[in-house]
Amino acid sequence: MEQLTDLAQLIADSLSYCGIQASAHSTLFAIFALISLLAVCWISFRITRYLLSTKLTRLILRSKATWDDELQSHNFFRRAAHLVPGVLIYLLVPLLFSHSPMLLEFLQKVAFIYILVTSLLMLSAILNTVEDAYNASTMARRMPITGFIQVAKLLLAIIAIILIVSNLIGKSPVLIMSGLGAVTAILLLVFKDTILGFVAGVQIAANRMVNTGDWITLPKYGADGEVMELGLTTVKIRNWDKTISTVPTYALIGDSVKNWRGMQESGGRRIKRSIYLDVHTLRFCDQEMLDNWEKIRFIKGYINDKKQELAKYNKDNDITEQDLLNARRLTNIGTLRAYMLRYLQHHPKLHQDMTLMVRQLAPTELGVPLEVYCFCTYTSWVEYEAVQSDIFDHFLAMVPNFGLRAYQRVSDQPPPPAPAKQCTES
């Protein structure tokens, strides 16, 4: 090994020039050579870091590409600078310490571990860059990859640990991996959540069950909000009260989950609410009530059509208006239901091509419910609640004009108000 002799002799001659007599086998030579090696590595590290952190950064800022900016933000180039001293130590140690086998072996192991850890950090920065670039694309809404990125990091860490252990004990990595079979049960127990999360992540991605940004509800965990991060073992959900809920990833396929994505994609949010009417205020309509309601724009045509239909039916069946038992007559609750339906059909903020109806449900101890079932054109919470409130504000205010009363549980209720003589639509 001519190079080894020349380098060792060069350091020995340098020590002799300084008045220090030391051979390649002496401790003094080893200390001086180690200090010199560390100094060279430190200088090379500072130069490399300066070039990568200053000169390269200027080029990155000038370029139009975004991937290099992401690499810079995740400290990829700063971590790459650490490779230079590690490689120098690994290459120069055999040239300096060939006469000290124990020191040579120790320094090579340290250099190998240093290079391996640095490489692991660089690969982690690359994976983080890939994740950020993917999350910025439209594909992230359909299939998040955070869980897969975390699995890749975990596998790289396991490989690095196996290589480090094999380097320290001087055994083949294949031998160490074969010995892992004896502790498989322990590993399965330790990584139970990781394994379950990985399997759940594959199913979630394959079936597009949940994506980042979706509004989901998990009653079991009290979570109701937007998915912030879909990780390997946990899912972070920002609730509407601004708290953060963290649930296991496998809970998304093992428990009941409501995903509101379909509502958001459809462009319509359902309104389903009832008005309970006091059953004691239900009655047939007299002529005065009908004449008064004909002034309401939405049901003017309805009342006229119904009056003609009922008059024809009574005439065809020889039924007089005094025959209260057999004659068909309009009711105030039916007329109110017709008004509510036509009001919704003319509302500009409701979807007319989606299900829209006003139906009467089975009477309860709270009265007779009239349920409004329709879809608002706004899906965001604030606008949706405003439209829903405006609709029911109007309906509740119109109830007394039909001789009806909205039910509420009080001890002493006044008698229902008489139908207004003049009724105009608000």
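In this text, all values refer to a predicted model and were calculated from it rather than measured experimentally.

### Some remarks on the pattern of salt bridges
Across all of its chains, the model carries seven salt bridges by this definition. Across the salt bridge formed by D255 and K220, the nearest N and O atoms sit 3.5 Å from each other. Remark: K220 occurs in the loop between β1 (215–218) and β2 (223–230) and D255 occurs in the loop between α11 (251–254) and β5 (258–259); sequence separation between them is 35 residues. A relative accessible area of 61% means that K220 is categorised as exposed. We note a salt bridge from R359 to E371, for which the minimum N-O separation is 2.6 Å. Residue R359 is located in strand β7 (residues 357–360), and its partner E371 is located in strand β8 (residues 368–376); the two are separated by twelve residues in the primary sequence. In this structure R359 comes out as partly exposed when scored by relative accessible area, which is 32%.

### Remarks on the environment of H351
Looking at where H351 falls in the secondary structure, it is placed in the loop between α15 (332–345) and β7. Spatially, the C-alpha atoms of H351 and G268 are 6.9 Å apart, while their sequence positions differ by 83 residues. In this view, H351 contacts G267, G268, L356, F375, C376 and T377; residues no more than four positions away in its chain are not counted. A polar atom in the side chain of H351 sits 3.5 Å from the side chain of D353.

### Remarks on the sheet that holds β2
If you walk across this open sheet you meet the five strands as β4-β3-β2-β1-β5, and the pairing is antiparallel. The open sheet has two edge strands, β4 (244–248) and β5, and neither has a second partner. In the sheet, β1 pairs with β5 via two bridges, with the strands oriented antiparallel. The residue of β5 that forms the bridge with T217 is K258.

### Structural notes on the state of the cysteines
Taken as a whole and judged by the stated rule, the model has zero disulfides. No disulfide involves C376; its sulfur sits 7.9 Å from that of C374, the nearest cysteine. Taking the relative accessible area as the measure of exposure, C376 reaches 0% and is therefore buried.

### Considerations on empty space enclosed by the protein
For the structure on display, the rule yields one cavity of 30 Å³ or more. Approximately 120 Å³ is the volume found for the largest cavity. Residue lining of the largest cavity: 15 residues in total, with G147, F148, G201, L230 and G231 positioned closest to the centre. Of all the secondary structure elements, the ones that give two or more residues to the lining of the largest cavity are α7 (146–169) and α10 (192–207). Here the residues of the lining of the largest cavity are counted per class, giving nine nonpolar, six polar and no charged.

### Quick notes on the confidence of the model for the protein chain
Parts of the model with low pLDDT should not have their predicted coordinates read in detail. When pLDDT is averaged across the protein chain, the result is 81; 81% of the residues are at 70 or more. Within the model, pLDDT remains below 50 along residues 1–5, and this stretch shows five contacts once partners closer than five positions in the same chain are excluded. Residue range residues 422–426 is modelled with pLDDT below 50. Its contacts to residues more than four positions away, or to other chains, number 14 contacts.

### Concerning the packing of α15 against helix α16 (residues 381–398)
Interaxial distance between α15 and α16 falls to 11 Å at its minimum, and their mutual angle equals 150°. By the angle class used here, α15 and α16 are roughly antiparallel. Remark: the crossing between α15 and α16 carries right-handed chirality. Contact residues: α15 offers Y339, M340, Y343 and L344, while α16 offers I391, H394, F395 and M398. When its residues are assigned to classes, the contact of α15 with α16 shows seven nonpolar, one polar and no charged.

### Here we look at the pairing of strand β3 (residues 234–239)
Alternating positions in β3 separate cleanly, V235, I237 and N239 being buried on one face and T234, K236 and R238 remaining unburied on the opposite face. Turn length for the β2-β3 hairpin, with the two strands adjacent in sequence and antiparallel, is three residues. Here five bridges tie β3 to β4, and the two strands are oriented antiparallel to one another. The partner of K236 across the bridge, within β4, is T246. The turn joining β3 and β4, which pair antiparallel and follow one another in sequence, is formed by four residues; a positive phi near 75° is taken by K242.

### Remarks on the nonpolar core
Among the nonpolar cores identified, the biggest contains 38 residues, and W293, Y339, M340, L344, F395 and F402 are the most heavily contacted of them. Looking at this core, the elements that each hand over two or more residues are β6 (269–277), α13 (287–293), α14 (300–316), α15, β8 and α16. With seven residues, α15 is the largest single contributor of residues to this core. Not counting residues up to four positions away in its chain, the partners in contact with M340 are I275, V358, L370, V372 and F395.

### Focus: the packing of aromatic side chains
A complete count under the given rule lists twelve aromatic pairs for this structure. Centre to centre, the rings of W293 and F402 are 5.1 Å apart; their planes meet at 35°, and the pair counts as tilted. Here the residue W293 occupies a position in helix α13, and F402 occupies one in the segment after α16, the gap between them amounting to 109 residues. For W293, a relative accessible area of 0% translates into the label buried. Exposure remark for F402: the relative accessible area of 0% places this residue in the buried category. By way of ring pairs, the aromatic residues W293, F298, Y339, Y343, F392, F395 and F402 are connected into one cluster. Sitting over the face of the ring of W260, R269 holds its NZ or CZ atom 6.0 Å from the ring centroid. Over the aromatic face of Y384 sits the side chain of R269, whose NZ or CZ is 4.3 Å from the ring centroid.

What counts, and where the lines are drawn
- Residues numbered from 1 in each chain as written.
- Predicted model: local features only at pLDDT ≥ 70, side-chain atom pairs only at ≥ 80, totals over all residues.
- Heavy atoms only, no water.
- Salt bridge = Lys/Arg side-chain N within 4 Å of Asp/Glu carboxyl O.
- Helix = DSSP H or I, 4+ residues; strand = E, 2+ residues; numbered from the N terminus.
- Buried < 20%, exposed > 50% of the residue type's maximum accessible area, 1.4 Å probe, protein only.
- Contact = heavy atoms within 4.5 Å.
- Polar contact = N/O pair within 3.5 Å; in protein donor to acceptor, adjacent residues only side chain to side chain.
- Pairing = 2+ DSSP bridges.
- Disulfide = S-S within 2.5 Å.
- 1 Å grid on protein atoms, 1.4 Å probe; cavity = no way out; pocket = protein on both sides within 12 Å on 5 of 7 lines; lining within 4 Å.
- Points joined across faces, edges and corners; volume = space filled by probe spheres on them.
- Nonpolar A, V, L, I, M, F, W, Y, C, P; charged D, E, K, R; others polar.
- pLDDT = per-residue confidence, 0-100.
- Axes fitted to C-alpha atoms, helices over the stretch in contact; angles between N-to-C directions.
- Parallel < 35°, antiparallel > 145°, perpendicular 65-115°, else oblique.
- Left-handed = near helix turned anticlockwise from the far one by under 90°.
- Core = buried A, V, L, I, M, F, W, Y, C linked by side-chain atoms within 4.5 Å.
- Phe/Tyr/Trp six-rings, centres within 6.5 Å; stacked < 30°, edge-to-face > 60°.
- Lys NZ or Arg CZ within 6 Å of the ring centre and 35° of its normal.

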